[in-house]
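Letter by letter, the chains look like this.
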Amino acid sequence: MKMRMDSRVCRMAICVSVVFAAGLLVFCPTRAVAASKAAAGATAKQIPIQHVLIIFQENRSFDEYFGTYPGADGIPMRDGVPTVCVPDPISGKCVKPFRTNDDITCGGPHLAQASLASVANGKMNGFITEVEAEGNYGLYPMAWAKGYCQHPENPEEADQVMGYFNGSDIPNYWAYARHFVLQDHMFEATHTWSFPSHLWLVSAWSANCADADNPMSCASALMPRDRTVKHPTPFAWTEITWLLHKAHVSWVYYLDHGALQPRPRHRKATGKFRMPHMRTGKKGVPVIWNVLPGFTDVHQDKQLDNIEDLSQFFVAAKEGKLPSVAWFSPDGYDSDHAPAKVSVAQSYVTKIVNAAMKSPEWKSTAIFITWDDWGGFYDHVVPPRADSMGLGIRVPGLMISPYARRGYIDHQTLSPDSYLKFIEDVFLHGQRLDPKTDGRPDSRPFVRENDAVTGDLMKEFDFSQRPLKPLVLPVHPKTALVENAPMGAAKGEADSKK
């Protein structure tokens, strides 16, 4: 894949800069599509937003990060004590959510089966059971994290999925919530893991395609085939950059420390996922988080050069040359994906947000931050159903803009599909990824942006207010996080090995 290192050449007179960090999309009822398009056309002329930036982080639940945030739909409590608990089959205890300040945590399995088991028919009490039953955490392997998260049979380690942080641990995220908008009903677009979520972020679907050159040959899949050296473009269906390019709307997909290379062949669909390159300590975005090169339409319209190293974002921000739409995909170390350090991920996000705020284009920018899936961590809210593929378990969501309703908590149901609808309304006059109207028909069974389940991100803005000033925060803030040591085996197991 060629990485473009030059500045944007394609610009719109009106650009929209919204940073999306990990997932929220808005849907509207099918019967109101025509009205929605008309409203979108009017909206695009009226709003001062010119840049949309989307920051997509990894594997955290809402309750883990904002479960005690004042006014949010957080962990059910009475007098500061949680009133909910989750059974631990090994210890026989029912474990309540508990405060943790460990910088390194383990999370849990987070494939489709784990999502369904954790939700447990609406009981939301299968999180610990999944860790102990699967015997793993669905970890992102890291060379420096040896010894961590090795003993899921140890209840003390398995129970980490019930831990939650507060504002002293992640002060910058909470500061963004206080000064801008917190979304407390943001749900993963699909009830499965990271890779399909990244596909959904740009295309509102995940699928397997029988013919890489035929968009009509695709069928929905929660465990789709990823791209390899031998099969570099397995995603035949249409994604949003096809529409952006056709409308002459500039976009960039930024990669933290560049791109890691694909495998020689497809991994086996065993449910046991491995990324051995990370054991060597290499930095860069893994293939499953860098999905656009796998779409045939990106190659057809010759837009691969719009996939750039993150360093180019800082240049563009400083020079006032932000693209209309941008996505940010992290490498493993900066990702928040267990056992990545919470502190490191917060610093990475803060650096991006600071650069956008210092840019001459801050006054026309909107930033969205979200996380791609729940990572196995506890959340108490039952996900609403949009269709057979989603929605998934709740994740954190933030919106940052000079026109954000300061301190507003958005209780609407949202998902990363809401981001697509926002982009479509602002730049594309309400055109959806709809096989009947987008000019590149595929076989998707639904148009998520038209779903009646999710709300409208426009409600988070007040374009009549005096623009909010930038909130430039320390990249390395003082926190209550501690660099915790790895846990050992359970006592019974350790004794048996003597």
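None of these values were measured; they are calculated from a predicted model.

The next thing to look at is the confidence of the model for the protein chain. Per-residue confidence for the protein chain gives a mean pLDDT of 87; residues scoring 70 or more make up 84%. pLDDT under 50 marks residues 38-42. Its contacts with residues more than four places away, or in other chains, come to four contacts. Here residues 269-279 is a poorly scored stretch, pLDDT under 50, and it has 26 contacts once near neighbours within four places are set aside; other chains count.

This part covers the nonpolar core. Core analysis: the largest hydrophobic core is formed by 105 residues, its most contacted members being Y173, F313 and W327. Sorting elements by how many residues they give to this core places helix α11 (residues 342-358) first, with nine residues.

Once that is clear, we can look at empty space enclosed by the protein. Under the definition given, this model contains three cavities of 30 Å³ or more. What lines the second largest cavity is I104, C106, Y148, C149, E157, Q160, N484, A485, P486 and M487.

Enumeration over the complete set of coordinates arrives at 12 salt bridges. A single salt-bridge network, built from bridges that share partners, covers R60, E64 and D336.

Right, let's get into the state of the cysteines. Enumeration over the complete set of coordinates arrives at three disulfides. Sulfur-sulfur distance for the disulfide between C85 and C94 comes to 2.1 Å. With the S-S dihedral at roughly 90°, the linkage between C85 and C94 falls on the right-handed side. Under the relative-accessibility criterion, C94 is labelled partly exposed at 42%. What links to what in the protein chain: the bonded cysteines, counted in sequence order, pair as 1-2, 3-4, 5-6.

Attention shifts here to the sheet that holds strand β8 (residues 181-187). The strand order β12-β11-β13-β1-β14-β15-β8-β16 describes an open sheet built from eight strands, whose pairing is mixed. On the outer flanks of this sheet lie β12 (307-309) and β16 (408-410), each paired with one strand and no other. The sheet shows a mean angle of 20° between the axes of neighbouring strands, direction not considered. Here strand β11 (residues 251-255) pairs with β12 via three bridges, running parallel. Across the sheet, the residue bridging to Y254 is E308, located in β12. Across the sheet, helix α7 (residues 194-203) is in contact with β1 (51-57), β11 and β13 (325-329); its angle to β1 comes to roughly 170°.

This part is about the packing of aromatic side chains. Scanning the entire structure with this criterion turns up 28 aromatic pairs. Ring geometry for W200 and F446: centres 6.0 Å apart, planes at 20°, overall stacked. Taken together, the residues span a long stretch of sequence, with W200 in helix α7 and F446 in the loop between α12 (417-427) and α13 (491-496) at a distance of 246 residues. Assigned by exposure class, W200 and F446 land together as buried. Through pairs of rings, three or more aromatic residues link up here, namely W193, F195, W205, F235, W237 and F295. Its end group placed over the ring of Y333, K283 keeps NZ or CZ at 5.7 Å from the ring centre.

In terms of residue burial, strand β14 (residues 365-371) counts as a mostly covered element, since seven of its seven residues are buried. Of the two faces of β14, the one lined by T365, I367, I369 and W371 and the one lined by A366, F368 and T370 are each fully buried. Where β1 meets β14, seven bridges bridge the pair, whose relative direction is parallel. Looking across to β14, one finds that H51 is bridged to T365. Sheet topology note: the β14/strand β15 (residues 394-400) ladder contains four bridges and is antiparallel. Of the residues in β15, the one forming a bridge with I369 is L398.

Moving on, we get to the pairing of β11. Judged by how many residues are buried, β11 sits mostly within the fold: five of five residues are covered. Burial of the side chains of β11 extends over both faces: W251, Y253 and L255 are buried on one face and V252 and Y254 on the other. Pairing of β11 with β13 involves five bridges; the strand directions are parallel. Each bridged residue has a counterpart across the sheet, and for V252 the counterpart in β13 is A326.

Let us now look at the environment of P330. Examined against the element boundaries, P330 turns out to sit in the loop between β13 and α11. A C-alpha to C-alpha distance of 6.4 Å links P330 and L255, two positions 75 residues apart in sequence.

What follows deals with α11. Look at α11: 24 Å from first C-alpha to last across 17 residues, which is about the 24 Å you get at 1.5 Å a residue. Burial analysis of α11 places 13 of its 17 residues in the buried class, which makes it a mostly covered element.

Our focus in this paragraph is unusual backbone geometry. With an omega dihedral of 5°, the bond running from A338 to P339 counts as a cis peptide bond. Along the chain, P339 falls in the loop between β13 and α11. Cis geometry is found at the peptide bond from G390 to L391, where omega equals 15°. Relative to the elements of secondary structure, L391 occurs in the loop between β14 and β15. Backbone geometry places N121, a non-glycine residue, at a positive phi of 55°.

Here we come to the side chain of D159. One can find D159 in the loop between α5 (155-158) and β7 (163-164). Of the side chains with opposite charge, K93 lies nearest to the buried D159, which makes no salt bridge, at 7.0 Å. Those residues in contact with D159 that lie beyond four places of it in its chain are D88, V95, F98 and I128.

Before going further, it helps to examine the packing of helix α10 (residues 311-319) against α11. Between α10 and α11, whose axes approach to 8 Å, the crossing angle comes to 25°. Considering their axes alone, α10 and α11 lie roughly parallel with respect to each other. Contacts between α10 and α11 involve F313, F314 and A317 from the former and K351, I352, A355 and A356 from the latter. For the contact of α10 with α11, the class distribution of residues is six nonpolar, no polar and one charged.

Each value, and the rule that gives it
- Residues numbered from 1 in each chain as written.
- Predicted model: local features only at pLDDT ≥ 70, side-chain atom pairs only at ≥ 80, totals over all residues.
- Heavy atoms only, no water.
- pLDDT = per-residue confidence, 0-100.
- Contact = heavy atoms within 4.5 Å.
- Core = buried A, V, L, I, M, F, W, Y, C linked by side-chain atoms within 4.5 Å.
- Buried < 20%, exposed > 50% of the residue type's maximum accessible area, 1.4 Å probe, protein only.
- Helix = DSSP H or I, 4+ residues; strand = E, 2+ residues; numbered from the N terminus.
- 1 Å grid on protein atoms, 1.4 Å probe; cavity = no way out; pocket = protein on both sides within 12 Å on 5 of 7 lines; lining within 4 Å.
- Points joined across faces, edges and corners; volume = space filled by probe spheres on them.
- Salt bridge = Lys/Arg side-chain N within 4 Å of Asp/Glu carboxyl O.
- Disulfide = S-S within 2.5 Å.
- Pairing = 2+ DSSP bridges.
- Axes fitted to C-alpha atoms, helices over the stretch in contact; angles between N-to-C directions.
- Phe/Tyr/Trp six-rings, centres within 6.5 Å; stacked < 30°, edge-to-face > 60°.
- Lys NZ or Arg CZ within 6 Å of the ring centre and 35° of its normal.
- Expected span 1.5 Å × (residues − 1).
- Lys, Arg positive; Asp, Glu negative; His and termini not counted.
- Parallel < 35°, antiparallel > 145°, perpendicular 65-115°, else oblique.
- Nonpolar A, V, L, I, M, F, W, Y, C, P; charged D, E, K, R; others polar.

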